[in-house]
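Chain by chain, the residues run as shown.
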Amino acid sequence: MNLYLRYFDREILVKSVDDAIAFLAEIDEIGMNPVLERDIREYAASDVLYPKRYKVRPRIYFIIIKTEAATMQDFKEKKAVHPSASNEQKTAAPAVVRLNEERFGWYEGTMDFKRVLMVPGTGKFQYRDTHFVACCKAESGLDCYNRIVDHLSQRVDPRSQFPSAKGKNFKFRYMGDCK
């Protein structure tokens with residue numbers, strides 16, 4: 001695992017922690033000390049994959065990123081993406097693709113939305129998180145979403161807020177053919 005370090009316009013891709021510490025020691029403003037050195041060594045040895053930033057002074061940081069990239073060009077072109085990140089992208093795309101896939105039948109749609117309700121004691125209105133599940137005949141996941149929103153918009157306060165069909169607050173499941 002290589003390390004990418006950046007402090008303003010100074011950046012480097014190194015193959016060892018010792019090289020990273022030597023790079024940081026050359027920058028006077030950072031003030032390399034044993035505590036910082038130990039922390040960098042612990043970060044490099046850990047299983048943590050997210051970037052780490054270190055405060056130099058108020059609102060001034062340097063960052064360290066673990067990467068599989070062999071060269072700076074590979075790093076800049078994002079050729080060495082961590083496997084966990086690429087798996088998330090592969091699983092996120094099919095849900096959006098399935099949304100427009102036409103397949104007539106029964107769908108179960110689940111939606112979490114912000115419903116406007118009046119508080120009886122005060123007469124004021126407030127948003128409440130509301131979970132709604134419906135089964136409907138539809139041609140696609142998007143058609144299921146539109147039918148649910150049409151149904152709810154006729155029955156709840158018009159100030160209620162519905163989520164995007166592509167967001168995490170709407171899910172659908174194809175249940176089977178219609179007869």
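The numbers attached to residues start from 1 for each chain and follow its sequence in the written order. Where totals are concerned, whole chains, interfaces and linings use all residues; where local detail is concerned, this predicted model gives features only for residues with pLDDT of at least 70, and gives and counts side-chain atom pairs only at 80 or more. The side-chain figures draw on all heavy atoms in the structure; neither hydrogens nor water molecules are used.

The subject of this paragraph is helix α2 (residues 34-45). Taking 1.5 Å of rise per residue, twelve residues should cover 16 Å, and α2 covers 16 Å from first to last C-alpha, within 8% of that figure. For α2, every residue scored as buried is listed here: Leu36, Ile40 and Tyr43. All buried residues of α2 project into a common sector of 60 degrees when viewed along the axis, lining one side. Those residues of α2 that are exposed and angled more than 90 degrees off the buried face are Pro34, Val35 and Ala45. Any two residues having at least one pair of non-hydrogen atoms within 4.5 Å are treated as being in contact. Under the scheme used here, helices are H or I runs from DSSP no shorter than 4 residues and strands are E runs no shorter than 2 residues, and both carry numbers assigned from the N terminus. Looking at the buried residues of α2, the elements they touch are α1 (17-25), β3 (52-57) and β4 (60-67). Sitting at the head of α2, asparagine 33 places a side-chain oxygen 3.1 Å from the backbone nitrogen of valine 35. A helix is expected to reach a length of 1.5 Å times the quantity of its residues less one. Burial classes: relative accessible area under 20% of the type maximum marks a residue as buried, over 50% as exposed, and values in between as partly exposed (1.4 Å probe, protein chains only). Read the arc as the range of directions from the helix axis to the C-beta atoms. Here a polar contact is recorded for every N or O atom pair within 3.5 Å, except that within protein the pair must consist of a potential hydrogen donor and a potential acceptor, and residues adjacent in sequence are included only if both atoms are side-chain atoms.

A positive phi angle, close to 55 degrees, is found at phenylalanine 8, a residue other than glycine. As for its position among the elements, phenylalanine 8 is in the loop between β1 (2-7) and β2 (10-14). Even without being a glycine, arginine 59 presents a positive backbone phi close to 65 degrees. Mapped onto the elements, arginine 59 comes out in the loop between β3 and β4.

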